[in-house]
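This is what each chain is made of:
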Amino acid sequence: TWQKGNPLLKHIRNARWTFADIVPDYVIGQSSCALYISLRYHLLHPDYLYYRIRELQKNFKLRVILCHIDIEDVVKPLHEVTRTSLLHDCTLLCGWSLEECGRYLETIKVFENKPADSIREHTDNDYLSRFTHALTSIRRVNRTDVITLGSSFG
Amino acid sequence: GGGGGCFLILSAPDALKDQIRRRLVESQLLQVHDVASDVPAAHRRALYSSGEGAALFLTPRVLAADLLTAHLLPSRVQALLLLAAHRSSDTSADAFIARLLRQHRLLPVYAFSDRPHAMVAGFAKAERTMKSLYIRRLHLWPRFHVLAAADLERSPPEVVDVRVPMTHPMVGIQAAILDAMDACLKELRRTYKVDVEDLTIDKGLFKSFDEIVRRQLDPIWHTLGKKTKQLVADLRTLRKLLDYLGRYDAVTYLKYLDTLRVSEGVRSVWMLAESSHKIFELAKRRVYQIVRPDGTRVSIAKGTPTKKRKVTPSSSKKGKETENEDSAHNKDDAQKVNAEASYLLVEVLEEAPKWKVLRELLQEIAEEQRKGDGVVHEDENNECGIVLVACKDERSCLQLQECISRSPQQVMREEWEKYLLGKAELFGLHKKKKKRSQQPKGFGILDGEFPTGSNENENAGPVSISKLETNALLAAASGISNLTKEADAKEDSVPSCGKKGSVKGKGKRVPKKTLTKRQASKRKNRSTTENDSCQGTDVEASGKTDEQSDINVSKVSAEDAPAPASTPDNAEDLIDAKMLPPVQFYALDSDQHVLDIWKPSVIIVYHPDMTFVREIEVYKAENPSKKLRVYFLFYEESSEVQKFESSIRRENEAFESLIRQKSLMMIPVDQSGRCIGPTPANEPEPLLSQNSLTRKAGGRKPTGKDMQVIVDMREFMSSLPNVLHQKGIRIIPVTLEVGDYVLSPLICVERKSIADLYQSFASGRLYNQVETMIRYYKIPVLLIEFSQDKSFSFQSASEVGDDVSPTNIISKLSLLVLHFPRLRIVWSRSLHATADIFMSLKSNQDEPDENKAMRVGVPSEDGVVEDDVRAENYNTSAIEFLRRLPGVTDSNYRAVMDGCNSLAELALLPVERLAELMGSQKGARTLKEFLDAKCPSMIS
């Protein structure tokens, strides 16, 4: 219920959501939850994140800290947030707009049971794209060159 | 000299290496060794410690690692020489090396640069570079320096500036390209994202233009729309087109445009503009024209379906505008009739105007040399008046060679036939596919198969024209392929090149390829050329054979060069060729310094280039007694002239700016290495010592602790090890099988720059890397490192889109964290931020153990502990290539590498052997099929 009035909710459109009395900011699935923090807020309340994390129990396998980068001078506050998340077993994800932050929550929900195929080694069966893929690993070879090479050497 | 210890020479390009080696060997001052990155560590160590002074060429990556592992002791080093100072910065590897060395000893560092404009790119670049390399004095030697000028102008070469007018279509194309560029620039300005002042056509001619634009746009790249990004890419394409206009023959140019249309067609902005239409049209007109049967030309054309050579290229008519001259012009045009569709393909085959001029020049030179024969003989033997023709690239060299040894017409015709055959093959393939899917069509009916033509209506303007055109091209092509077959057949029966069917075909294309190779490995292998007389590499005045034979340059006399010809054209060529002086061709691209070797007395700069001009000046100054005449061939009023002139201006401006900067420079006088640098706390560490020793040394640093980080060898390509070292962390280079950095026994980091991140997500590699990291470490970390001068974000809010798209980086990251909830992600703004985060993450942890880290993930069946040599021993880009081949995976690529010496060898392995290496029949078959597959046509 911390999140009432968070404009981020406006941007969650691809998944259903509801308010509830929960410890994390968002419970995304059976085993995943998320805490939202904006860097601006963190600058004002440097201890906030730590206390919120401490409240979370170990019930969740995936604990996301969703960090909204909403200031210019990020290095120091981001460093602190990074350190806190890392040392307390949380996964840090950064978004540069409310849209982006909302999208992370949506995506994690939507992909909850999705296999990792799209980020694993894929075997694309189209010859040309494989050929291009291999040749472009060489620096200075671009797509046009690939076609030129392909048509000259067959 | 003296003292002992070695001179370390970093980042020398091959050509420069050769030159330095030659001079050092001549003077017998020092031994020279090239320490390539694949020299085993033990061997390197031997070289470092080999008694008397030696000059060692090294790569920064290897040297940095060797210094850190104490394979090389700073005390063994006499001086450090950097040959590409313009590429240094405080985070670069050479600065790292300078620091590692200077920590121990105040040995001298010398840095050189021959790129004045690169030294002024960015704020106070020269000064910052000097500071990071511990250099106190800056010496500037501009061309306009009194001493430099005096030296170079004492006996200047005779310079002849030849202006060659371009043909009308060329002028037209150039104007159209400039129009298109201008339009792109205007469009770019309208985005208000770039500094207008820098965006001029003049600057747009140079490669550095891209850098200017990128530097301005990089920080906001993510906020740019697709269109702006495309504009930047388009400008690059257009610049290339402009460059190629003067460089390639008409047919090749058209071919390039064709491929461009296939690869860029849909996306690019300029392609749709009117001027681009003009470019394509004009480029086509330089090669062929399509004439309707009701046009004026028909009557003449119909009677003469035979092929003839066209002679007057320079007049370059554009069809309808020149109808009155048609009769005269047309007779010479080769023409074809296609009975089926009743239209005509008229070959134009415009020759590059410079070709003719070059021939004339050579004849002129030959004549003069004959007249002044006495003078020539007075000179030393070696100076028998070689003419050096300098072109931009190898290809132009070969083509010019052919132009001279044979005839320009022949060369054009060959290119044209290749072009047509290419077209035919393309459509042939395409047609086959179509036939299979649809009902078979009659032969020669290609309606609707032209890629852009969907309209079946014959009379519908442009569509039918393009159809006609395609048909005409194909008809011409089939004519040629028949001829080729005939020629082949004849060649089979009569094994000589003296056939009337010298109408090429196989016989001549093959030697061309071999020529390319030979050209590359030139110099000593030259004598082999003598045997295959048909290939005519060099042309020579027949009278001078004796004198020349003692140079290691052998030639083929002109008579043997072209196939004994039956046409009067060729007879003429023969006479011409006999009169030509000995000619050498030189590709500027090859970046070799040939002037000292060939000692030419005449240089024809076919493609004017600033750097080469400077080279000529130096050559002349070093050989003041030698007569030298230099011809510059410029296309009149072309971008070529403009580019050349502005490159001179650019050089001067750069030097003026450097002189100003030098007067304002603030280099600390007492720069002694110990007190300078970003971290004064960075005291020398005893690199000799093993862990135990350094541990004892703890407490000397303000951090109160001697931190160490284990770094994968491959990471020395990046600047992070350098920056970590700047912060006072001890770097231990080893070859890591898992991860890039090991911060503690628990923490292992895989580092990804943004480009790497996208790439490794796409290839699936990241998934594998994370998977193994999770298996072996308690705290596996993915470091996403942004670049300081680029924007800190993936995309703009507007690019996020309305729906979850599986290809978006957000989706990929989400999927990754869902599958690896234990993975920790570190987001870093910059290199320096990364270093700080590393230090803070380490602060409560034990120091990592290098021996343990090294063994992690190494397949145990190997038995042996990995030696650090291993990673260095392979060509990393070849590995990357290999990894991308289908069937090759993270688990089997090592075995594949061990099973063959090169990619070329891999391609020849039989399936069974592949299966053995890869441990899978299926994978082996996939790979084999891929390697053997024919490249599909561009249309697919």
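Quick caveat, the model's predicted, so the values are computed rather than measured. (Residues numbered from 1 in each chain as written. Chains lettered and ligands numbered in written order. Predicted model: local features only at pLDDT ≥ 70, side-chain atom pairs only at ≥ 80, totals over all residues. Heavy atoms only, no water.)

> Could you clarify how one ought to interpret the overall build of chain B in this entry?
Per the secondary structure count, chain B includes 39 helices and 19 strands. Considering chain B as a whole, with its 940 residues, one finds that 54% of them fall into the buried category. Taking contacts inside chain B between residues at least 6 apart in sequence as the whole, the part at least 24 apart equals 73%. Put simply, chain B shows about 42600 Å² of open surface, and 54% of that area lies on carbon and sulfur atoms. (Helix = DSSP H or I, 4+ residues; strand = E, 2+ residues; numbered from the N terminus. Buried < 20%, exposed > 50% of the residue type's maximum accessible area, 1.4 Å probe, protein only. Contact = heavy atoms within 4.5 Å. Areas by Shrake-Rupley, 256 points an atom, 1.4 Å probe, with all protein chains shown as cover.)

> Would you mind going over the overall build of chain A with me for this structure?
Secondary structure assignment for chain A yields six helices and four strands. Moving toward the C terminus, one meets the helices and strands of chain A in the order β-β-α-α-β-α-β-α-α-α. Buried positions account for 51% of the 154 residues belonging to chain A. For chain A, long-range pairs separated by at least 24 residues make up 65% of all intrachain contacts whose partners lie at least 6 apart in sequence. Carbon and sulfur atoms make up 51% of the accessible area of chain A, which totals about 8200 Å².

> Where do I start with the pairing of strand 18 (residues 779–785) of chain B in this structure?
For a regular strand, side-chain orientation follows a simple rule: the groups alternate between the two sheet faces. Residues and elements named next belong to chain B. With seven of seven residues buried, strand 18 lies mostly within the body of the structure. Here strand 18 shows a buried face lined by I779, V781, L783 and E785 and a second buried face lined by P780, L782 and I784. Relative to strand 18, strand 17 (residues 747–753) runs parallel, the two being bridged by seven bridges. Bridging across to strand 18, C748 finds its partner in P780. (Pairing = 2+ DSSP bridges.)

> For this particular structure, what's the right way to read the packing of aromatic side chains?
Each aromatic ring pair is characterised by the separation of its centres together with the angle its planes make. Residues and elements named next belong to chain B. Per the counting criterion, the structure on display carries 21 aromatic pairs over all chains. Between the aromatic rings of Y244 and Y256, the centroid separation amounts to 5.0 Å while the plane-to-plane angle is 80°, which identifies the pairing as edge-to-face. Placement of Y244 in helix 11 (residues 226–247) and of Y256 in helix 12 (residues 250–264) is noted, with a sequence separation of twelve residues between them. Assessed through its relative accessible area of 13%, Y244 is described here as buried. (Phe/Tyr/Trp six-rings, centres within 6.5 Å; stacked < 30°, edge-to-face > 60°.)

> Would you take a moment to explain the packing of helix 10 (residues 208–217) of chain B against helix 11 of chain B for this structure?
When two helices pack together, their arrangement is given by the angle between their axes and by how far apart the axes lie. Residues and elements named next belong to chain B. Running from amino to carboxyl end, helix 10 crosses helix 11 at an angle of 175°, the nearest separation of the two axes being 11 Å. The angle between the axes of helix 10 and helix 11 places the two elements in the roughly antiparallel class. Facing helix 10, whose interface residues are F209, D210, V213 and L217, helix 11 presents V232, L235, R236 and R239. Tallied by class, residues from the contact of helix 10 with helix 11 come to five nonpolar, no polar and three charged. (Axes fitted to C-alpha atoms, helices over the stretch in contact; angles between N-to-C directions. Parallel < 35°, antiparallel > 145°, perpendicular 65-115°, else oblique. Nonpolar A, V, L, I, M, F, W, Y, C, P; charged D, E, K, R; others polar.)

> What is the right way to read the side chain of T834(B) from this model?
Residue and element names in this part refer to chain B. If you trace the backbone, T834 turns up in helix 32 (residues 831–842). We classify T834 as buried; its relative accessible area is 1%. Setting aside anything within four residues of it in sequence, one finds T834 in contact with L720, L783, E785 and S828.

> Looking at this model, I keep getting lost on unusual backbone geometry. Mind explaining?
Most peptide bonds take the trans configuration, and most residues that are not glycine carry a negative phi. All names here are of chain B. Although it is not a glycine, A124 sits at a positive phi angle of roughly 45°. Tracing the chain through its elements places A124 in the loop between helix 5 (116–119) and helix 6 (125–133). Its relative accessible area of 18% is what places A124 among the buried residues. Although it is not a glycine, E637 adopts a positive phi angle of roughly 50°. Topologically, E637 is positioned in the loop between strand 13 (629–635) and helix 26 (639–664).

> I keep staring at the interface of chain B and chain A and nothing clicks. Help me out?
Many descriptions give the size of an interface as the accessible area lost when the pieces come together. The interface is formed by 70 residues belonging to chain B together with 57 residues belonging to chain A. Counting each side, the surface lost to burial between chain B and chain A is near 5700 Å², with a carbon and sulfur contribution of 67%. Connecting chain B to chain A are zero salt bridges. Here the side of chain B that touches chain A takes ten residues from helix 31 (residues 809–819) of chain B, the largest share from any one element. Counted by class, the side of chain B that touches chain A contains 38 nonpolar, 17 polar and 15 charged residues. (Buried area = accessible area lost by both parts, 1.4 Å probe. Salt bridge = Lys/Arg side-chain N within 4 Å of Asp/Glu carboxyl O.)

By themselves, these figures tell us nothing about what the structure is for.
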